[in-house]
Amino acid sequence: MAENQSIARTFPVKPKLKPTSANSTTPTPESKYWRSFKTPKDLQSQTLVSAITSVSFSPISPHDFAATHSATVSIFSGQTLEPKTTISSAFKDTVTSASFRSDGRLIAAGDLSGAVQVLDLKSRVPLRRLRGHTRPVRVVRYPRADKLHLFSGGDDAVVKYWDITTESKIYDLLGHKDYVRCGDASPISDDMFVSGSYDHTVKVWDVRVLNSGSVMEFDHGKPVEDVIYLPSGGLVATAGGNSVKIWDVLGGGKLLYTMESHNKTVTSICVGKIGKESGEEAQQYRILSVSLDGYMKVFDYAKFKITHSMRFPNPLMSVGFSPDCSTRVIGASNGAMYIGRRKVKDSESLELGSFGGGFAPVEEPQRRVLRPSYFRYFQRGQNEKPSEWDYLIKKPKKIKVAEHDKLLKKFMHKEALVAALSGKNPENVVAVMEELVARKKLLRCVSNLETEELGLLLRFLQRYSTMPRFSRFLMGLTKKVIEMRTEDIKSSDELRGHIRNLKRDVEEEIRVQQTLQQIQGIVCPLLKIAARR
């Protein structure tokens, strides 16, 4: 029992993962922009009761946002990012979707009981209760500017268009064959909206012409988890499976591009905006997608490429981006909320950054300029960059000294000669020998060599004494070595072998030289005859 407790106490615990960026290379200007969304230090970590099913921002400044979880809608302040209001008494089951009205005063939300509630944000009192769905409601959306109507969709495969003032249903939009899980209102018309279903289809509806059902339909290929209109109103983005697809509505529902960068199901997408509201530079829009693999991807649908990626420690369920481009909110499956705020001065909000590309500048903390009158000026480190008037003194590079050079500096002549002979560079050996000749120590070193060291010297003389560039110096040294160490050479078979090899190489070199002289004797008269002609 004691052993089991000891094992339990020492069992390693895996540390919690922190949000990290997957891009380890030099960050691009856009990567710096998205990395600038950071959680304020004074903000307490927000962890709600259960999975955050949706995140929605108010269209009116300061752009409060609503997060739906369990049987609650939590309203957060757009300024402080702290919880502002909690609405739970109006719901009997898990809230799945919420949407702000165009003036930001009311919010509509649907839950798993099949009811849609319209609530006043100030009093938190339900003003209207829309009943008609026989199964759980999955999506509720207000039109862009219409305050009197909304649409909803649920697991009964029906999309309903409501008149809020009379609490009555205007249209039942039939056509889906499976759960309706998502939808979005058109940014250019209050009469058009789009819905996505688990039957793999996305349908475009126009309440002005409903005689023939939906006005357009396209097949995503997998159960559709989310669908949004892009700001132009002519493109639609759908998310399902591990892919996000871009569709051209004006072009008849043509598929433009498929992004497959996630490893698991993409659960939510939204539009993020960077750049100016007006001016010569066009507005810069990106698609933000989150997935069960814990990654948030930023997709530039104008160039059809991923521009940024960030990893989070939990599966992600929802994502939202504020209209003023200052706040990014991501909801996770365990109730954690990853809230990022970008600090921008009021005068520079949505202005073009100095690095170009249509991005707003990232405000960096101002550092106090060091002057010679400050004590810290004289304690600057090596990483301090020089100013214009500073004189930069570069430290000379350390020269790597060979081992024989170090020994020569210490006047260890014999050891220096042996170290050079142990190397593979004959030029270094000859240079050391010439230095010892200049110091009048070479013959003394030869006389003090041990048998093995003498073998190294004879092997070197055998190999290089016949080479033209070393022969003049080495042939004289060879003669001296044989004269001085004759007795040692006679007593060792290995040394006698080196002498035999040396004699053979010298004789071969003499034959080569004699042959070359004969050839020279033949060639010279021919050259003289050729020169006369």
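Keep in mind that this is a model prediction, so the values were computed, not measured.

## A short note on the overall build of the chain
Alright, step 1. Counting its secondary structure elements, the chain contains 10 helices and 29 strands.
Alright, step 2. Taking all 533 residues of the chain together, 44% fall into the buried category.
Alright, step 3. The contacts of the chain with a sequence gap of at least 6 include a subset with a gap of at least 24, amounting to 47%.
Alright, step 4. Roughly 30500 Å² of accessible area belongs to the chain as shown, and the carbon and sulfur atoms make up 51% of that amount.

## Considerations on the UniProt feature "repeat: WD" (unreviewed entry) in the chain
Alright, step 1. Feature annotation in UniProt places "repeat: WD" (unreviewed entry) on residues 130–172 and 173–208, given in this structure's numbering.
Alright, step 2. For residues 173–208, the helix share is 0%, the strand share is 53%, and the end-to-end C-alpha distance is 12 Å.

## Remarks on a positive patch on the surface
Alright, step 1. On the surface, Lys-395, Lys-398, Lys-400, Lys-406 and Lys-410 cluster together into a patch of positive charge.
Alright, step 2. Among the structural elements, Lys-398 can be located in the loop between β29 (336–341) and α3 (403–409).
Alright, step 3. A relative accessible area of 84% places Lys-398 in the exposed class.

## Focus: the pairing of strand β21 (residues 243–248)
Regular strands place their side chains on alternate faces of the sheet.
Alright, step 1. Counting buried residues along β21, 5 of its 6 residues qualify, which places the element largely inside the surrounding structure.
Alright, step 2. Between the antiparallel neighbours strand β20 (residues 235–240) and β21 lie 2 residues, among them Gly-241 with a positive phi of about 65°.
Alright, step 3. Two strands pair when backbone bridges link them, and β21 and strand β22 (residues 254–259) are joined in this way by 5 bridges, in the antiparallel orientation. Counted as the bridge partner of Asp-248 is Lys-254 from β22.

## Here we look at the sheet that holds strand β9 (residues 115–120)
Alright, step 1. Read from one edge of the open sheet, 4 strands run β7-β8-β9-β10, paired in antiparallel fashion. Because the sheet does not close on itself, it has two edges, and the strands there are β7 (95–100) and β10 (126–131). Direction aside, the axes of adjacent strands within the sheet are offset by 20° on average.
Alright, step 2. In this structure, β7 lies alongside strand β8 (residues 106–111), joined through 5 bridges in antiparallel fashion. Bridge pairing in β8 places Ser-99 opposite Ala-108.

The rules behind each value
- Residues numbered from 1 in each chain as written.
- Predicted model: local features only at pLDDT ≥ 70, side-chain atom pairs only at ≥ 80, totals over all residues.
- Heavy atoms only, no water.
- Helix = DSSP H or I, 4+ residues; strand = E, 2+ residues; numbered from the N terminus.
- Buried < 20%, exposed > 50% of the residue type's maximum accessible area, 1.4 Å probe, protein only.
- Contact = heavy atoms within 4.5 Å.
- Areas by Shrake-Rupley, 256 points an atom, 1.4 Å probe, with all protein chains shown as cover.
- UniProt positions renumbered as here; feature names shortened; annotations may be inferred.
- Patch = residues over 30% accessible without salt bridge, like charges linked within 9 Å, V, L, I, M, F, W, Y side chains within 5 Å.
- Salt bridge = Lys/Arg side-chain N within 4 Å of Asp/Glu carboxyl O.
- Lys, Arg positive; Asp, Glu negative; His and termini not counted.
- Charge placed at Lys NZ, Arg CZ, Asp CG, Glu CD.
- Pairing = 2+ DSSP bridges.
- Axes fitted to C-alpha atoms, helices over the stretch in contact; angles between N-to-C directions.

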